[in-house]
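Coordinate inspection notes
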Amino acid sequence: MPSPTLIDFHCHLDLYPDHAAAIAECEREHVFTLAVTTTPKAWTRNLELTKSTKHVRAALGLHPQLVGKRAAEIDLWEELLPQTRYVGEVGLDASPRFYRSFEAQKEVFQRVLQACARAGDKVLTIHSVRTAKVVLDMLETHLPARQGTAVMHWFTGSQSEARRAADLGCYFSVNNEMLANPKHAALVQGLPIDRLLTETDGPFTSCDNRPAKPSDVRFAIRQLTQLLKLSETEVADLLVVNLKRLLSTRG
Ligand code: MN
């Protein structure tokens, strides 16, 4: 992997008006970007566009907020898994709008984790809204650290849940909006710095009143400099070291 300058470990590039242009911009600006997907039906197109990119990788996902209507797509998801090392967006969401599908979400997530454990060496970006405890219980049971690596995306559990996630070997991708929230910034401050990555979750977050794009992780880096008492260069270098360690881990 050529050394990136910035890292966006969770971005929905296929939801921008011009998917190909969004990828080209990451390449031009040397932003390592994990292009997450929300349904396995989007996979083939995402793979096609990222097959020969230096900095963009596509992740195979089935978003927990879509499981209510798309649980059956887990069969297709499993079929496609051998095509990639990267998985996401997957996880659980117990917020009121999605709680009705919570049982189905757990079934789907369990199949995701078990398939990843069988395959070995997968890297997952995980959604855990109001479900940190259950997500961690399921990770502990179905995907022990030697069998794969979980990156908690926009993690908003408690301090003790964050410690537990770190003990289980998880990384954490943090974004601008998360760091603007004092409670969540305090949580990030307590994380082991060798497990930190940045993300935008674009286009679902905003910067300067427009949808965030991968290079906007600069704003998260600026906030991290204050939290960690490091310079921008030190934070950027730390993130690249973390990314390289994460991606070089085998099983
Ligand atoms: Mn997302």
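The rules behind these values
Along each chain, residue indices are assigned from 1 in the same order as the chain's sequence is written. Since the coordinates come from a predicted model, pLDDT governs what is reported: local features require at least 70, and pairs of side-chain atoms require 80 or more to be given and counted, while whole-chain, interface and lining totals use all residues. Just so you know, side-chain values use all the structure's heavy atoms and leave hydrogens and water out. Secondary structure follows DSSP: runs of H or I at least 4 residues long count as helices, runs of E at least 2 residues long count as strands, and numbering of each begins at the N terminus. Based on C-alpha atoms, the radius of gyration is set beside the globule rule, defined as 2.2 Å times the residue count to the power 0.38. It only takes one pair of heavy atoms within 4.5 Å for two residues to be counted as in contact. Only the protein chains shown count as cover for residues, and the accessible areas themselves come from Shrake-Rupley with a 1.4 Å probe. Only strands that DSSP links by at least two bridges are regarded as paired with each other. Only the stretch in contact is used when fitting a helix axis, every axis being a line fitted to C-alpha atoms; angles between N-to-C directions are given from 0 to 180 degrees. Pairing of aromatic side chains here covers Phe, Tyr and the six-membered ring of Trp, requires ring centres within 6.5 Å, and sorts the geometry by plane angle: under 30 degrees stacked, over 60 edge-to-face, intermediate tilted. Here the term buried applies to any residue with accessible area under 20% of the maximum for its type, exposed to any over 50%, and partly exposed to those in between, with areas from a 1.4 Å probe on protein chains only. Only Lys NZ and Arg CZ are tested; either one counts as a charge over a ring when it is within 6 Å of the ring centre and within 35 degrees of the ring normal. Handedness of a crossing follows from how the near helix is turned relative to the far one, being left-handed for an anticlockwise turn of less than a right angle and right-handed for a clockwise one. Handedness of a crossover is defined as follows: with both strands directed away from the viewer, a clockwise route from the first strand across the helix to the second makes it right-handed.

What follows covers the overall build of the protein chain. Regarding its fold elements, the protein chain presents eleven helices and ten strands. Taken over the C-alpha trace, the protein chain has a radius of gyration of 17 Å; the compact-globule value for 251 residues is 18 Å, and the two agree within 12%. By principal-axis analysis of the C-alpha atoms, the protein chain measures approximately 45 × 40 × 35 Å. For the protein chain, restricting intrachain contacts to residue pairs at least 6 apart in sequence, the fraction spanning at least 24 positions comes to 71%. When the accessible surface of the protein chain is totalled, it reaches about 11100 Å², and 51% of it is carbon and sulfur.

Turning our attention to the side chain of T205. Mapped onto the secondary structure, T205 falls in the loop between β8 (196–198) and β9 (206–207). Contacts of T205, omitting those with residues within four sequence positions, involve W154, E177, T200, R210, P211 and A212.

Taken in spatial order, the three strands line up as β1-β2-β3 in an open sheet, and their pairing is parallel. Here the strands that pair on one side only, and so sit at the sheet edges, are β1 (6–11) and β3 (56–58). On average, each strand axis in the sheet is inclined to that of its neighbour by 10°, with strand direction left out of account. Two strands pair when backbone bridges link them, and strand β2 (residues 31–35) and β3 are joined in this way by three bridges, in the parallel orientation. Residue T33 lies in a different strand from β3, and its bridge partner there is V56. Running over the sheet, helix α11 (residues 232–248) touches β1 and β2 and is turned about 55° from β1.

Counted under the stated rule, the structure contains three aromatic pairs. A ring pair is formed by F9 and F32, whose centres lie 6.0 Å apart and whose planes are at 10°; its orientation type is stacked. In this pair, F9 sits in strand β1 while F32 sits in strand β2, placing the two residues 23 residues apart along the sequence. Here F9 falls in the buried class, since its relative accessible area comes to 0%. Plain terms: the ring middles of Y99 and F102 are 5.4 Å apart, the flat faces sit at 15° to each other, and that makes the pair stacked. Judged by relative accessible area, Y99 falls into the partly exposed class, the value being 48%. The buried category is assigned to F102, whose relative accessible area is 7%. The positively charged end of R222 is found above the aromatic ring belonging to F219, 5.4 Å away from the centroid.

Where helix α5 (residues 102–119) contacts helix α6 (residues 132–142), the two axes come as close as 10 Å, and the packing angle between them is 35°. In the crossing of α5 with α6, the sense of the turn from one axis to the other is right-handed. Residue-level contacts link F102, K106, F109, Q110, L113, Q114 and A117 of α5 to V134, V135, M138, L139 and H142 of α6.

Attention now goes to the pairing of strand β6 (residues 148–153). In terms of burial, β6 is a largely internal element, six of the six residues being buried. Because side chains alternate across β6, one face comprises the buried residues G148, A150 and M152, and the other comprises T149, V151 and H153, equally buried. Of the pairings in the sheet, the one linking strand β5 (residues 122–129) to β6 comprises five bridges and is parallel in character. Bridged to T125 within β6 is V151. Viewed along the sheet, the connection from β5 through α6 into β6 turns out right-handed. Where β6 and strand β7 (residues 171–174) come together, three bridges link them in parallel fashion. The partner of H153 across the bridge, within β7, is S173. Handedness of the crossover joining β6 and β7 through helix α7 (residues 159–167) is recorded here as right-handed.

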